[in-house]
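Topology and contacts: notes
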Amino acid sequence: MSAHAEATSPHVMNTYGRLPIALSHGQGCRVWDTNGKAYLDGLGGIAVNTLGHNHPELVPALQDQLTKLIHSSNYYHVPGQEALAKKLTELSGLTNAFFCCTGLEANEAALKLARKFGHDKGIERPEIVVYERAFHGRSIATLSATGNPKIQAGFGPLVEGFIRVPLNDIEALQRATEGNPNVVAVFFETIQGEGGINPMRNEYLKQVRALCDQKDWLMMIDEVQCGMGRTGKWFAHQWAGIKPDVMPLAKGLGSGVPIGAVVAGPKAANIFGPGNHGTTFGGNPLAMRAGVETIRIMEEQNLLAHVEKVGAHLKAALEREFKGLAGVKEVRGAGLMLGIELDRPCGVILNRACDAGLLLSVTADSVIRLVPPLILSIAEADEIVAILAPIVKAFLVEPAP
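Attention in this report is confined to the structure presented alongside it. (Residues numbered from 1 in each chain as written. Predicted model: local features only at pLDDT ≥ 70, side-chain atom pairs only at ≥ 80, totals over all residues. Heavy atoms only, no water.)

1. Description of helix 10 (residues 303-322)
Since there are 3.6 residues in each turn of an α-helix, residues three or four apart along the chain are aligned in direction. Between its terminal C-alpha atoms helix 10 stretches 28 Å, which fits the 28 Å expected from 20 residues at 1.5 Å a residue. All of the buried residues along helix 10 are L303, L304, V307, V310, G311, L314, A317, L318 and F322. Buried residues of helix 10, seen end-on, are gathered within an arc of 160° and therefore sit on one face of the element. Turned more than 90 degrees off the buried face of helix 10, the exposed positions are K309 and R320. If you follow the buried residues of helix 10, they end up packed against helix 9 (285-300), strand 13 (328-334), strand 14 (337-342), strand 17 (367-370) and helix 12 (378-396). G324 occupies a position one or two residues after helix 10 and carries a positive phi of about 75°. (Helix = DSSP H or I, 4+ residues; strand = E, 2+ residues; numbered from the N terminus. Expected span 1.5 Å × (residues − 1). Buried < 20%, exposed > 50% of the residue type's maximum accessible area, 1.4 Å probe, protein only. Arc of directions from axis to C-beta. Contact = heavy atoms within 4.5 Å.)

The following block contains the structure:
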């Protein structure tokens with residue numbers, strides 16, 4: 001254990017089950033703890049550190065912005081908001097953006113958009129379709145939209161107005177909403193992150209888009225974790241050739257600077273008016289510079305093609321390593337958002353990988369999640385496999401506790 005990282009702190013609320021290390025600094029896809037031990041970063045701050053650590057172009061840009069303005073207020077125009085909104089609408093094919101600080105806030109704004117969309121149509125009690133195993137945040141509303149009873153426990157009464165359906169089943173969606181005039185939106189992650197790296201199939205995405213068009217519902221796609229190039233396209237739903245009406249973003253958009261956004265198309269872009277929604281820190285000049293520079297560097301370095309190539313290499317290597325291995329159910333995901341599902345809870349692998357110099361996470365109890373920086377090299381992908389495979393294989397032959 002690091003001398004600077006106790007298991008619990010007497011002054012910090014006990015809200016996280018932390019590993020017994022404290023990180024000091026990073027370079028590229030590697031980080032070091034306060035004792036000088038190095039780790040390969042297979043977690044990227046949970047899909048946040050898009051450009052890795054201490055990027056030679058991002059850091060000077062942020063330093064430059066720090067000397068100018070960190071925060072001003074939305075009482076005034078913020079030129080960086082216009083620049084980032086223009087870029088996000090170009091990349092998405094949508095029309096307008098609102099900026100906040102987190103994925104939770106972006107999802108909360110999407111839920112408010114859907115409700116006001118319904119009220120503007122004369123629907124007094126709007127309802128939103130959400131999904132089993134979804135994760136949209138931990139505020140009361142986003143927690144209610146989330147499909148995990150364990151993290152909902154103790155926080156009732158939850159917000160009403162949600163209809164829950166299974167993934168990739170268009171008939172179940174039709175049955176759950178049949179004859180219900182209060183439905184206003186369908187809300188989901190293209191690839192569920194916290195729920196266990198569960199992708200929506202392209203054909204299903206097209207079916208939902210058609211149903212939303214037919215019923216005049218908003219199609220709201222949470223790209224907080226799977227967006228910003230993580231799958232090899234700017235936004236994961238683009239593999240299906242569709243456009244949402246509302247798209248929350250966060251995590252990788254600012255390469256580590258807190259940032260969130262809601263990007264909307266014509267059907268939703270003008271639902272909010274002055275006074276309907278807002279945020280103190282959202283759209284601040286530092287976060288906007290981080291977003292603009294992140295996208296610029298991603299484009300200049302052709303990171304989307306890089307992610308597709310390295311992600312395919314990593315996935316294939318994991319599949320080869322675990323092929324036919326009893327206890328490994330599936331390797332799934334796209335680009336550099338991959339999950340290895342085991343047939344049993346495997347939280348202990350988090351600590352064992354850390355001890356071996358690899359940062360990753362375990363989500364949904366039995367899924368090993370890899371969401372490294374998008375600059376990960378082929379050699380570093382091979383290193384992930386070389387460290388992780390023996391740990392998983394040793395774990396699977398252990399007797400049950």
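What follows continues from the structure just given.
2. Observations regarding the pairing of strand 3 (residues 38-41)
Pairing of strand 2 (residues 30-33) with strand 3 involves three bridges; the strand directions are antiparallel. The residue of strand 3 that forms the bridge with R30 is L40. Hairpin remark: strand 2 followed by strand 3, antiparallel, with four residues in the connecting loop; positive phi at G36, about 90°. Judged from the two bridges that link them, strand 3 and strand 15 (residues 358-359) form a sheet pairing that is parallel. Residue pairing in the sheet places L40 in a bridge with L358 of strand 15. (Pairing = 2+ DSSP bridges.)

3. Quick word on the layout of surface pockets
Within this model, the second largest pocket holds a volume of roughly 840 Å³. Along the walls of the second largest pocket sit 30 residues, with Q81, A97, F98, F99 and F272 positioned nearest its centre. Broken down by secondary-structure element, the contributors of at least two residues to the lining of the second largest pocket are helix 3 (79-92), strand 4 (96-100), helix 4 (103-120) and strand 12 (260-264). The residue inventory of the lining of the second largest pocket, partitioned by class, reads 15 nonpolar, 14 polar and one charged. (1 Å grid on protein atoms, 1.4 Å probe; cavity = no way out; pocket = protein on both sides within 12 Å on 5 of 7 lines; lining within 4 Å. Points joined across faces, edges and corners; volume = space filled by probe spheres on them. Nonpolar A, V, L, I, M, F, W, Y, C, P; charged D, E, K, R; others polar.)

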